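# Structural overview
Next come the chains, spelled out residue by residue.
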Amino acid sequence: MDFNLTLIGQTVAMIVFVWFCMKFIWPPLMAAIEKRRREIADGIAAGERGQKELAEARSGAEQILQEARHKAVQVVDIAHRRSNELIGEAKQVAVTEGERLVTAARAEAGNETLRARDGLRRELAALVVAGTGRLLGREVDARTHAALLDELAAEIGRQAPGHG
Amino acid sequence: MAEAGHSAGGYIAHHLQHLTVCRQDGAWVWNECHGNFWALNVDSMFFSVVLGISFLWLFGRIARKATSGVPGRMQSVVETVIEFVDKSVGDTFSHPPRSSVIAPLALTLFVWIFLMNAMDLIPVDWLPWAANQAGVKHLRVVPTADVNVTFAMGISVFILTIYYSIRMKGGLGFTRELTLTPFHHWAAVPFNFALEGVALVAKPVSLSLRLFGNLYAGELIFMLIALLGVWQLPLHFGWAVFHLLIVLLQAFIFMMLTIVYLAQAHEAH
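Note that this is a predicted model, so its numbers are computed, not measured.

### Focus on helix α6 (residues 147-179) of chain B
All names here are of chain B. Over its 33 residues, α6 runs only 31 Å from end to end, short of the ideal 48 Å by more than 12%, given 1.5 Å per residue. The largest bend in α6 amounts to roughly 110 degrees and is located at Gly170. Put simply, Asp146 is the residue that caps the front of α6, since its side-chain oxygen is 3.0 Å from the backbone nitrogen of Asn148.

### Observations regarding the confidence of the model for chain B
Residue and element names in this part refer to chain B. Averaged over every residue, the pLDDT of chain B is 89; the share at 70 or more is 97%. At the low end of the mean pLDDT range in chain B sits helix α1 (residues 8-15), at 84; at the high end sits helix α4 (residues 102-118), at 95. Among the scores for the predicted complex, ipTM is 0.88 and pTM is 0.74.

### A word on the side chain of Ser44 of chain B
One can find Ser44 of chain B in helix α2 (residues 42-64). In this structure the side chain of Ser44 of chain B is engaged in a polar contact, spanning 2.6 Å, whose partner is the side chain of Asp146 of chain B. Leave out the neighbours within four places in its chain, and Ser44 of chain B touches Thr6 and Gln10 of chain A together with His18, Pro143, Asp146 and Val149 of chain B.

### Overview of the packing of aromatic side chains
All names here are of chain B. In total, this model carries 14 aromatic pairs over all chains according to the counting rule given. Relative to Phe252, the ring of Phe84 has its centre 5.7 Å away and its plane inclined at 35 degrees; by these criteria the two rings are tilted. Placement of the pair is Phe84 in helix α3 (residues 73-92) and Phe252 in helix α8 (residues 232-266), with a sequence separation of 168 residues. On the basis of relative accessibility, which here comes to 35%, the residue Phe84 falls in the partly exposed class.

### Quick word on the interface of chain A and chain B
Between chain A and chain B, the contact holds 30 residues from the first and 52 residues from the second. Where chain A packs against chain B, one counts two salt bridges. Note that Arg37 of chain A is salt-bridged to Glu83 of chain B, the shortest N-O span being 3.1 Å. For the side of chain A that touches chain B, the class distribution of residues is 20 nonpolar, five polar and five charged.

### Notes on the nonpolar core
With 56 residues, the main nonpolar core has Phe59, Ile82, Leu107 and Met153 of chain B as its most contacted residues. Put simply, the parts of the chain that give this core at least two residues each are α1 (6-136) of chain A together with α2, α3, α4, α6, α7 (189-226) and α8 of chain B. Here this core takes 11 residues from α4 of chain B, the largest share from any one element. Excluding its chain neighbours within four sequence positions, the residues that come into contact with Phe59 of chain B are Ile25 and Leu29 of chain A together with Val78, Val81, Ile82, Leu107 and Val111 of chain B. Residues Tyr11, Met223, Ala226 and Trp239 of chain B belong to the second largest nonpolar core, which totals 11 residues.

### A look at the pattern of salt bridges
On inspection of all chains with the given rule, the structure shows 12 salt bridges over all chains. A salt bridge links Glu97 of chain A to Arg100 of chain A; the shortest N-O distance between them is 2.7 Å. With a gap of three residues between them, Glu97 of chain A and Arg100 of chain A both fall in helix α1, about one helical turn apart. A relative accessible area of 34% means that Glu97 of chain A is categorised as partly exposed. Two residues, Glu112 of chain A and Arg115 of chain A, come together in a salt bridge whose shortest N-O distance is 2.4 Å. One end of the pair, Glu112 of chain A, and the other, Arg115 of chain A, are both in helix α1, three residues apart, so they sit about a helical turn from each other. One network of salt bridges, with partners in common, ties together Glu34 and Arg37 of chain A together with Glu83 of chain B.

### Side note on α1 of chain B
Residues and elements named next belong to chain B. Buried residues of α1: Tyr11, Ile12 and His15, and no others. With its buried residues spanning 95 degrees around the axis, α1 presents them on a single face. Here the buried face of α1 lies against α5 (126-133) and α7.

### Section: the packing of α1 of chain B against α7 of chain B
All names here are of chain B. Taken N-terminus to C-terminus, the directions of α1 and α7 make an angle of 145 degrees; their axes are 10 Å apart at the nearest point. Considering the relative orientation of α1 and α7, their crossing is right-handed. Seen from α1, the contacting residues are Tyr11, Ile12 and His15; seen from α7, they are Leu220, Met223, Leu224 and Ala226. Of the residues in the contact of α1 with α7, the class split is six nonpolar, one polar and no charged.

### Things to note about the pairing of strand β1 (residues 20-24) of chain B
Residue and element names in this part refer to chain B. In terms of strand pairing, β1 meets strand β3 (residues 40-41) through two bridges, oriented antiparallel. Residue pairing in the sheet places Val21 in a bridge with Leu40 of β3. Note that β1 and strand β2 (residues 27-30) share four bridges and pair antiparallel. Pairing of Arg23 across the sheet is with Trp28, part of β2. In textbook terms, the turn of a hairpin is the stretch between consecutive antiparallel strands, and for β1 and β2 this stretch comprises two residues, one of which, Asp25, has a positive phi near 55 degrees.

Calculation criteria
Residues numbered from 1 in each chain as written. Chains lettered and ligands numbered in written order. Predicted model: local features only at pLDDT ≥ 70, side-chain atom pairs only at ≥ 80, totals over all residues. Heavy atoms only, no water. Helix = DSSP H or I, 4+ residues; strand = E, 2+ residues; numbered from the N terminus. Expected span 1.5 Å × (residues − 1). Bend = angle between axes of the 7 residues up to and from the residue. Polar contact = N/O pair within 3.5 Å; in protein donor to acceptor, adjacent residues only side chain to side chain. pLDDT = per-residue confidence, 0-100. Contact = heavy atoms within 4.5 Å. Phe/Tyr/Trp six-rings, centres within 6.5 Å; stacked < 30°, edge-to-face > 60°. Buried < 20%, exposed > 50% of the residue type's maximum accessible area, 1.4 Å probe, protein only. Salt bridge = Lys/Arg side-chain N within 4 Å of Asp/Glu carboxyl O. Nonpolar A, V, L, I, M, F, W, Y, C, P; charged D, E, K, R; others polar. Core = buried A, V, L, I, M, F, W, Y, C linked by side-chain atoms within 4.5 Å. Arc of directions from axis to C-beta. Axes fitted to C-alpha atoms, helices over the stretch in contact; angles between N-to-C directions. Left-handed = near helix turned anticlockwise from the far one by under 90°. Pairing = 2+ DSSP bridges.

Next up, the structure:
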């Protein structure tokens with residue numbers, strides 16, 4: 001183990017190597033590593049942010065859904081109530097209308113009966129007049145006996161309801 | 001695979017001989033330079049520079065195409081090493097403002113020493129035998145088993161330690177640290193200085209000798225195993241596995257101690 005010029009040669013070589021490493025190797029590699037580290041950190045932060053936002057959105061959606069369900073129940077409720085009301089109203093209207101129709105029909109029927117009775121009465125009176133004329137042997141002048149005929153008709157009319 | 005005609009001792013001695021060149025009496029002389037400071041260990045220089053350049057080439061190639069997106073396999077490996085060194089430096093330096101030299105220095109030392117140590121895993125006879133065929137009589141392939149190489153690094157770190165001590169604490173602060181600790185009294189100055197001086201000089205010496213000793217011993221044991229004939233195979237395998245640990249560990253220890261010494265230089269007491 002002699003010390004010799006190699007000592008100095010090695011020192012020079014080492015200085016050159018360290019200088020080269022310091023100048024051309026360390027900075028670009030460290031820059032790349034740092035940049036990647038920053039990018040990964042940013043990526044992780046973005047991921048966490050996204051996850052938080054997703055959770056918030058989920059809870060928001062859940063809330064909206066809840067509200068929608070609630071509203072739907074309310075709407076169905078209102079619809080039920082309204083339909084019941086409508087049915088009730090319709091029933092009422094139908095009953096009223098039915099009653100009105102029945103009343104009207106009854107009135108009409110009554111009128112018809114009266115009219116028919118009136119006609120029958122007049123025919124009967126005419127028959128009575130004709131029959132009486134034939135019995136008396138002469139014609140009964142309708143004009144002359146108008147008052148009598150009317151009285152007769154009225155008499156029949158008064159008795160008729162009793163006989164049906 | 002001891003060469004015929006050589007004794008075991010001769011084989012070892014031959015393998016522990018550097019390929020040296022020096023100038024004597026106006027002529028270049030190979031391998032006859034004992035005691036001449038102006039000799040150069042060509043093998044150590046060659047392998048260390050080749051390995052250093054391969055490190056720079058590999059890392060430089062990755063650094064030039066470094067992307068902050070999905071890294072390639074090689075970039076991942078390089079980044080793992082870089083992050084490991086960066087973390088070691090960051091953990092050791094409690095005070096953030098530090099010189100931009102320290103981390104690249106630690107990286108260079110770590111990878112370079114690792115590559116130089118790893119040369120020990122090439123079977124001891126291969127490269128020397130190939131060199132012998134080419135007419136080169138001596139060749140040692142593990143630069144860190146050359147005391148010149150480890151001391152060159154140790155002394156460089158030592159000089160940096162002193163430089164940063166003075167820059168961070170000022171000349172006066174550094175002198176005070178050397179003379180007024182551990183005993184803060186004027187009468188204790190010589191004693192303090194002796195103590196601190198030894199502690200200071202011990203750093204580069206221990207740093208260099210630890211690496212050198214481990215690798216030199218490792219190389220020597222590989223040579224001894226190589227002398228055993230057919231029994232060398234399992235032994236060689238066992239020692240190589242164990243040496244794998246030493247190769248990595250010594251590179252790490254050298255880097256870590258460099259960082260620690262420089263961190264101490266940055267810290268005011």
